[in-house]
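Results of the structural survey
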Amino acid sequence: MTELSRRRPKRPAASSAVPAVGFVSLGCPKALVDAERIVTQLRAEGYTISPSYADADLVVVNTCGFIDSAVKESLDAIGEALAENGKVIVTGCLGAKSENGNNLVASVHPKVLAVTGPHAADEVVQHVHTHLPRPHDPFSDLVPPAGIKLTPHHYAYLKISEGCNHRCTFCIIPSMRGDLESRPVGEVVREAGNLVKQGVREILVVSQDTSAYGVDLKYRTDFVDGRPVKTRLTELVRELSKLGRDRDRPWVRLHYVYPYPHVDEVIPLMADGLVLPYLDVPFQHAHPDVLKRMKRPASGEQNIDRIRAWRAICPDLTIRSTFIAGFPGETEAEFQYLLDFLEEAQLDRVGCFAYSPVDGAAANDLPGAVPDEVKEERRARFMKLQEKISRKRLKRRVGARERVLVDEVTPDGAIARSRGEAPEIDGVIHVAPDKRLRAGEFFEVVVTGSDAHDLRAKLA
């Protein structure tokens with residue numbers, strides 16, 4: 001079963017006297033937050049979350065529908081849940097997709113009990129009520145203030161908004177999740193504060209477009225501990241930096257940040273240590289014509305200038321990004337332009353995907369489709385260059401003393417991360433065995449070695 005146990009330790013089998021719900025969660029961190037909200041509500045109402053199909057009275061499958069491979073994985077997961085359990089409720093992005101005017105999930109799997117789209121926690125819970133009546137005693141005092149998290153106990157994702165106002169031609173997220181809908185800053189900070197009270201040591205800020213936070217609300221003023229605060233990225237970061245005390249302050253890491261001019265305001269906060277010097281910026285390409293076809297909100301030249309300015313203010317800044325090779329109409333010259341950008345930008349962490357058509361995306365109608373073998377060859381060339389850059393940049397950290405957060409301790413040592421590594425998407429730091437190591441705690445280490453992706457270290 002593709003289950004919650006992938007993201008947290010297994011629970012004991014549910015008691016037959018208590019209704020039990022199994023949960024399969026696929027897709028990105030934003031979808032994971034949706035899953036956490038549903039699980040939190042169900043636990044608050046007294047349901048048990050089951051670690052297996054056999055012990056569950058029904059199963060909820062939270063799907064992804066962004067690219068074809070994700071659609072297949074989600075449909076396969078639904079089929080597996082139906083075969084193993086028989087009672088299945090489907091939610092998430094794939095639930096919003098249609099084919100020939102009919103709901104795709106219902107067409108492929110007509111035996112599912114119900115189908116909803118993304119960010120539909122209340123609707124999912126109502127469907128659970130219909131097919132598995134809620135217990136009489138909710139035991140709400142057993143649910144932590146920030147809800148139940150599916151991540152390890154020491155880090156958590158904090159979703160600050162839903163939807164997106166961009167209409168990138170390769171993306172169908174707005175058609176599934178709608179336009180930008182920011183959460184009030186007071187609500188976000190309260191959730192973050194509860195996470196810290198639960199022992200979370202790292203908060204990962206996520207959304208479809210973190211830089212646009214508050215635009216839809218016209219940066220409306222909200223209240224944090226009785227103080228007026230604008231619902232805006234810079235102000236949010238300042239408030240999050242106040243959580244905890246001194247060395248026990250949680251790390252705050254920003255993801256999905258578009259390179260808008262006002263992001264420049266956040267860089268000095270990174271230089272001052274108020275937020276991790278780390279930006280996850282999905283550049284996607286560098287050539288102006290390709291970016292125009294993608295309908296991306298920035299140009300390659302502006303991005304290079306902005307990267308230089310950011311590093312001038314905060315030399316320790318880690319920048320990670322993602323790119324697409326073989327976008328429709330991409331010429332060899334445009335791809336070479338992208339490689340030149342990569343060489344000049346010297347980004348720390350990078351992923352590259354060969355362009356894959358997405359059902360319903362505007363890019364499908366663009367001329368100049370790139371052959372699959374060419375797309376893959378370009379992706380491989382791109383990653384070969386980035387491997388050389390990554391190896392060089394990691395080697396510069398050998399001998400440095402760094403603060404790390406330990407994710408896991410094994411007989412061979414510990415797997416940890418520093419300010420420059422986000423969980424699951426970046427490399428790690430392998431720390432030599434030491435009896436003082438504890439998962440979920442901060443330690444000082446000295447970096448002793450490196451390769452193209454990871455570092456080696458020992459306790460300082």
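Residues numbered from 1 in each chain as written. Predicted model: local features only at pLDDT ≥ 70, side-chain atom pairs only at ≥ 80, totals over all residues. Heavy atoms only, no water.

Some remarks on the pattern of salt bridges
Note the following rule: Here, a salt bridge means any side-chain nitrogen of Lys or Arg that lies within 4 Å of a carboxyl oxygen of Asp or Glu. Note on conventions: DSSP H or I runs of at least 4 residues are helices, E runs of at least 2 residues are strands, and numbering of each starts at the N terminus. Only protein chains enter the accessibility calculation, which uses a 1.4 Å probe; a residue is then buried when its area is under 20% of its type maximum, exposed when over 50%, and partly exposed in between.
Applying the stated criterion to the full structure yields 39 salt bridges. As a salt-bridge pair, Asp179 and Arg167 come within 2.4 Å of each other at their nearest N and O atoms. Taken together, the residues span a long stretch of sequence, with Asp179 in the loop between α5 (173-177) and β10 (181-182) and Arg167 in the loop between β9 (161-162) and α5 at a distance of 12 residues. The exposure class of Asp179 is partly exposed, given its relative accessible area of 42%.

Focus on the packing of helix α6 (residues 185-197) against helix α7 (residues 233-240)
The packing of two helices is summarised by the inter-axis angle and the distance between the axes. Rules: Angles shown run from 0 to 180 degrees and are taken between the N-to-C directions of axes, each axis being a line fitted to C-alpha atoms and, for helices, limited to the stretch in contact. Should an angle lie under 35 degrees it is considered roughly parallel, over 145 roughly antiparallel, and from 65 to 115 roughly perpendicular; all remaining angles are considered oblique. Crossings are sorted by hand: turned counterclockwise from the far helix by less than a right angle, the near helix makes the crossing left-handed, and turned clockwise it makes it right-handed. Only heavy atoms matter for contacts: two residues are in contact if any of them lie within 4.5 Å across the pair. Lys, Arg, Asp and Glu make up the charged group, whereas Ala, Val, Leu, Ile, Met, Phe, Trp, Tyr, Cys and Pro make up the nonpolar group; the residues left over, Gly among them, are polar.
Two elements in contact, α6 and α7, have axes whose closest approach is 10 Å; the angle formed by their N-to-C orientations is 30 degrees. Compared by their axis directions, α6 and α7 come out roughly parallel. By crossing handedness, the relation of α6 to α7 is classed as right-handed. Mapping the contact onto sequence places Val185, Val188, Val189 and Ala192 in α6 and Leu236, Glu239 and Leu240 in α7. Grouping the amino acids of the contact of α6 with α7 by side-chain chemistry returns 6 nonpolar, no polar and 1 charged.

Structural notes on the sheet that holds strand β7 (residues 114-115)
For clarity, the cut-off: Between any two strands, pairing holds if DSSP finds at least two bridges.
Judged by pairing direction, the sheet is parallel, and its 5 strands sit side by side in the order β2-β1-β3-β4-β7 without closing on themselves. The sheet is open, and its two edges are formed by β2 (48-50) and β7, each paired on a single side. Relative to β2, strand β1 (residues 20-25) runs parallel, the two being bridged by 3 bridges. By the bridge assignment for β2, Ala20 is matched with Thr48. In this fold helix α4 (residues 121-131) packs onto β1, β3 (58-63), β4 (88-92) and β7, with an angle of close to 160 degrees to the strand it touches most, β3.

Let's talk about helix α12 (residues 372-395)
Our working rule: The length a helix should cover is 1.5 Å for every residue beyond the first.
Over its 24 residues, α12 extends 34 Å from the first C-alpha to the last, a length consistent with the 34 Å expected when each residue adds 1.5 Å. Three or more residues of α12 are buried, namely Lys375, Arg378, Phe382, Leu385, Gln386, Ile389, Ser390, Arg393 and Leu394.

Let's talk about the side chain of His109
Along the chain, the position of His109 falls in the loop between α3 (104-108) and β7. Residues in contact with His109, not counting those within four places in the same chain, are Leu75, Ile78, Gly79 and Leu82.

Quick word on the packing of helix α11 (residues 332-345) against α12
Closest axis-to-axis distance for the α11/α12 pair is 10 Å, and the angle between their directions is 15 degrees. In this view, α11 runs roughly parallel relative to α12, as classed from their interaxial angle. The handedness of the crossing between α11 and α12 is right-handed. Taken together, the residues of α12 that come into contact with α11 (itself represented by Glu332, Phe335, Gln336, Leu338, Leu339, Leu342 and Glu343) are Arg378, Arg381, Phe382, Leu385, Gln386, Lys388 and Ile389. Grouping the amino acids of the contact of α11 with α12 by side-chain chemistry returns 7 nonpolar, 2 polar and 5 charged.

Section: the nonpolar core
Note the cut-off: Throughout this description, the term nonpolar core refers to a set of buried Ala, Val, Leu, Ile, Met, Phe, Trp, Tyr and Cys residues connected via side-chain atoms within 4.5 Å.
Counting residues in each nonpolar core, the largest one holds 66 residues, and the members touching the most others are Leu254, Met270, Leu279, Trp310, Phe323, Leu347 and Phe382. Looking at this core element by element, the count peaks at 6 residues for α11. Setting aside chain neighbours within four positions, we find Phe382 in contact with Phe323, Phe335, Leu338, Leu339, Leu342, Val350 and Cys352. Val21, Val39, Val128 and Tyr155 belong to the second largest nonpolar core, which has 24 residues in total.

Regarding the packing of aromatic side chains
The test is simple: The pairing test for Phe, Tyr and Trp rings, Trp by its six-membered ring, is centres within 6.5 Å, and the orientation test on the planes gives stacked under 30 degrees, edge-to-face over 60, and tilted for anything in between. Here, over-ring charges are defined by two tests on the NZ atom of lysine or the CZ atom of arginine: distance to the ring centre within 6 Å, and angle to the ring normal within 35 degrees.
The full count for this structure, using the stated rule, is 9 aromatic pairs. Ring geometry for Tyr155 versus Tyr157: centroids 6.4 Å apart, planes at 85 degrees, classification edge-to-face. Accessibility assignment for this pair places Tyr155 and Tyr157 in one class, buried. Considering the side-chain rings of Phe170 and Phe327, the 6.4 Å spacing of their centres and the 85 degrees angle between planes classify their relative orientation as edge-to-face. Note that Phe170 is positioned in the loop between β9 and α5 and Phe327 in the loop between β16 (318-325) and α11, a separation of 157 residues in sequence. Lys30 extends its terminal NZ or CZ atom over the ring of Tyr256, reaching a point 3.6 Å from the ring centre. Taking NZ or CZ as reference, Arg232 lies 5.7 Å from the ring centre of Tyr219, over its face.

Some details on the confidence of the model for the protein
Let me state the cut-off plainly: A residue's pLDDT is simply how confident the predictor is in it, with values from 0 to 100.
In the predicted model, the protein carries a mean pLDDT of 89, and 93% of its residues have values of at least 70. Per-element averaging of pLDDT across the protein places strand β5 (residues 98-99) at the bottom with 80 and strand β20 (residues 429-431) at the top with 97. Confidence over residues 1-16 falls short of pLDDT 50; this stretch has 44 contacts with residues more than four positions distant or in other chains.

With respect to the sheet that holds β20
Strand order in the closed barrel formed by 5 strands is β18-β19-β20-β22-β21, and the pairing between neighbours is mixed. The average angle at which neighbouring strand axes cross in this sheet is 50 degrees, direction not considered. Two elements, strand β21 (residues 442-450) and strand β22 (residues 455-459), share 5 bridges in a ladder whose sense is antiparallel. From the neighbouring strand, Val445 faces β22, where its bridge partner is Leu459.

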